[in-house]
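Breakdown of the fold
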Amino acid sequence: MSGTSDSHQRERVLRVAVPRPLRRLFDYLPPTGQKVTGFRPGCRIKVPFGRHVVTGFVAGTSEHSAIGREQLKPALAMLDSRPLLPPALLELVHWAADYYQHPIGEVFATALPAPLREGAPLHEEAEFWSAAAASAEQLPSRALRQRQLLEFLIERGSVSRADLALAGFSPALLRQLAGKGLARGELKRLDEETDWARPQPNATIRPAMNDDQASAVERFQKAGPGYRCALLNGITGSGKTEVYMRLIEQELAAGRQCLVLVPEIGLTPQTIDRFEQRFAAPVAAFHSGLNGNERLRVWRRVAAGGIAIVIGTRSAVFTPMARPGLIVIDEEHDSSFKQHEGLRYSARDLAVMRARKENIGIVLGSATPSLESFRNAELGRFLRLDLPRRAGGSRPALLRPLDIANQPLSAGICELAMMKIAQHLEAGNQVLVFVNRRGFAPILQCPLCGWTSQCEDCSVYLTVHSQPPCQRCHHCEARRAIPNRCPVCGNSDLQVSGLGTQQVEANLVREFPGTPVLRVDRDSTRGRDRFRKLLAQVIRGDPAILVGTQMLAKGHHFPGITLVLVVDADNGLFSPDFRGQEQMAQLIVQVAGRAGRSSGRPGEVLVQTRHARHETLKRIIDSSYSEFAQHLLAERRSAVMPPFSHLCLIRAECRDREAALSFLRRARRAIETPSEQQFVHWTGPLPAPLEKRQSRYRMQLLLRSPSRPRLRAVLARLVAQLDESAAPRGLRWQIDVDPIDLL
Ligand code: ADP
Ligand code: ZN
Ligand code: ZN
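For the structure given in this document, a descriptive report is provided here. One numbering rule holds for all chains: residues counted from 1, following each sequence as written. By the order in which they are written, chains take letters starting at A while ligands take numbers starting at 1. For this predicted model, a pLDDT threshold of at least 70 governs which residues receive local features, and a threshold of 80 or more governs which side-chain atom pairs are given and counted, while totals over whole chains, interfaces and linings are taken from all residues. Hydrogens and waters are ignored; side-chain quantities use all the structure's heavy atoms.

1. Side note on unusual backbone geometry
- The omega torsion across Gly224 and Pro225 is 0°, close enough to zero to call that bond cis.
- That bond from Gly684 to Pro685 is cis: its omega, 10°, falls within 30 degrees of zero.
- A helix here means a DSSP run of H or I that spans at least four residues, while a strand means a run of E at least two residues long, and both kinds are numbered starting from the N terminus. For Pro685, the position within the fold is in strand E30 (residues 681-693).
- Located in the positive-phi region is Glu331, a residue other than glycine, with phi close to 55°.
- Along the polypeptide, Glu331 turns up in the loop between strand E13 (324-330) and helix H11 (347-358).
- Note on Glu331: relative accessible area 10%, which makes it buried.
- The phi torsion at Ser695 lies on the positive side, around 70°, for a residue other than glycine.
- Here Ser695 is to be found in the loop between E30 and strand E31 (696-705). Think of it in three bands: residues with accessible area under 20% of the maximum for their type are buried, residues over 50% are exposed, and the middle band is partly exposed, with areas taken using a 1.4 Å probe on protein chains only.

Next comes the structure, spelled out in structure tokens:
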């Protein structure tokens, strides 16, 4: 920054967020000949930046600029007459930039569909043409096509260019008519602000609420109107969706819109179907499976008020609603609400802040709430609503550990479990087998010399895949052929170890030749249509075995499943991650929740383990998730870990290992002060658990503090220091506030 002349400026300057990784705003004069008045925050503006022209966002105006007026450049053009985001969402963008210490221009970019960042008009517009004469008489009769076009326009009034093309009139013909002053065109908005007819819930699929549901709905309503956040803690199958729907129903009846966030929409087409069937109102999906223009179309319709319910994944949290009514987060504990690159936001936390700023209600639902949300309920920040019983009359499934220490296994499954599978299939039911890894086997090794097959660019083993046969890195997706012999000792008898979904699938196909075996993981579900077909097949209910990863645990309703087998529960028991046990309990409870969901057919859940006496496993199996969560909370309290403290991770990545380390070391030395040691705890720099990815070494610095303000203050200084210190070439660093996994 130069020229700090603080001379009073008579004309205000524009403060602009530019799409660059810079944690500050830039000052501009209004475009030549224009006044600052009328430049509202949230409008896009074209400005010169370095040697480029970029599209930025007006963040505000100011009377002063730290830069001398003669050095300020004028902006080039304003792109909007109205802000892209309403005031509450503009505040949310600023809040997120500050909270996550992220460059403001990039936060704007994250919040908006890509075409808007690139200058697409805020509203969907099309050219409409109408006649500028009352009759076609004045045209000579030999101009037959022109006469026909003019008559068409006179008859139809106003016709879009697309409709004219459909009717067979060429652009050239239109130009000829316009040239004679007989037709004129204008731009019209297609997404005019709309209201839907007050929707009627479909009475045939609207069950009477049970007492728990009714009381949850009533308590939520009583706490309103305006901002309130509820934690809906309902066991799997307790009818949380019905509670959401009743609350949504009331908002729609008042003409307000609702936003429903779900973990992964491609996997839950059922959710959208359920809302569409229930409400005679426009429902739209907003997720990463849509391309930029599709997202923009939905975004515009929601912003204009034309969509009653928008169902989306985490990025939908920024979708503006013309008449906001309610936000629902289903499966609020799910880690997919956390963005793992760029602006590392938690859509759940942002949604709560958004509801606060828009002064509306928000419901966080889960059968396995996060410890953070339990804690917030304990502190009275969230209203806790419990649904402790299953709604449809079915009983919760029975969980049982299966000790597999010293048992012969066939592709990971013990004989007793195999017999159980056979029994359930014979009774005409379906079975779900949960395996937490995709591929065939996680390790390929040489038993003679101990060589293991590793990714050249990442510090992980290559996973062996059988369909198609190859080895793949699950971090960089590199593919290699499976070697015939050991590259070190030449031994041709290489062995796989460990278990993936493909191996379990192949084995079950052999064991149960007449039964369809459906594998559900990231490899089998590429392409949404295929996944839909798979699901439809399962929902029809004929005997079948499903083999899958956590994808299967998420919110599905498979009435035919009566047996769930967790092939290996031990990974979670000994996870080095402080959230390992929480995540393992969530997973087991969620998968178990897939069993016995239709009344009449009770469910059974078998958990294979080599540590059947392990305290944690016993707790998960013997107590309710809420009780287990209480136990974990007590542990976290004494360890001063989240939610009793706050974490922030600073990560540096570089091809040069030492450069990454010393970069973080210097930063720590520059910022850490002895007086703060009791409030902010520093760890590192240390190698990340996944030390190398895509040829870059990853080092990290972990900050922890029971006081968020203290942590924020240190973080702000740290970021300023990192911004200023000249990072070595090729070094990238990022900040992760409230990290979920410490990879
Ligand atoms: P959750 O989301 O809590 O796991 P769901 O909302 O999927 O549970 O509900 C489980 C089943 O119970 C569904 O088939 C649903 O239609 C049914 N259900 C929900 N509420 C009721 C009710 N009040 N009466 C009868 N059936 C209900
Ligand atoms: Zn070898
Ligand atoms: Zn790799």
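Now that the structure has been shown, the text picks up again.
2. Overview of the pattern of salt bridges
- Just to be clear on terms, a salt bridge is a Lys or Arg side-chain nitrogen sitting within 4 Å of an Asp or Glu carboxyl oxygen. Scanning all chains against the criterion turns up 41 salt bridges.
- Its salt-bridge partner being Arg15, residue Asp27 comes within 2.8 Å of it at the nearest N-O pair. Of this pair, Asp27 sits in strand E2 (residues 26-28) while Arg15 sits in strand E1 (residues 13-17); the two residues are twelve residues apart in sequence, bridging distant segments of the chain.
- Of the charged contacts in the structure, one is a salt bridge between Glu249 and Arg278, with a shortest N-O distance of 3.7 Å. Here Arg278 lies in helix H9 (residues 269-278) and Glu249 lies in helix H8 (residues 240-253), a separation of 29 residues in the sequence. Of the two residues examined, Glu249 and Arg278, each falls in the buried class.

3. Quick notes on the coordination of the zinc ion (ligand 3)
- In this analysis a donor is any N, O or S atom within 2.8 Å of a metal ion (3.2 Å for sodium, potassium and calcium), and since water is not included, sites may seem incomplete. Binding of the zinc ion (ligand 3) to the protein goes through Cys455 (SG), Cys458 (SG), Cys473 (SG) and Cys476 (SG), at separations of 2.2 to 2.4 Å.
- For Cys458, a relative accessible area of 2% gives the class buried.

4. Regarding the packing of helix H17 (residues 580-592) against helix H19 (residues 625-639)
- For the pair H17 and H19, the least separation of the axes is 11 Å and the interaxial angle reads 175°. Relative to H19, the element H17 lies roughly antiparallel. Contact residues: H17 offers Gln581, Glu582, Ala585, Gln586 and Val589, while H19 offers Tyr625, Phe628, Leu632, Glu635 and Arg636.
- Only Asp, Glu, Lys and Arg are considered charged in this grouping, and only Ala, Val, Leu, Ile, Met, Phe, Trp, Tyr, Cys and Pro are considered nonpolar; every other residue, Gly among them, is considered polar. When grouped by side-chain class, the residues that make up the contact of H17 with H19 number five nonpolar, two polar and three charged. Here, axes are lines fitted to C-alpha atoms. For helices the fit covers the stretch in contact, and angles between N-to-C directions go from 0 to 180 degrees. Angles are sorted into four bins: roughly parallel if under 35 degrees, roughly antiparallel if over 145, roughly perpendicular if 65 to 115, and oblique for all others. In what follows, a contact means two residues having at least one pair of non-hydrogen atoms within 4.5 Å.

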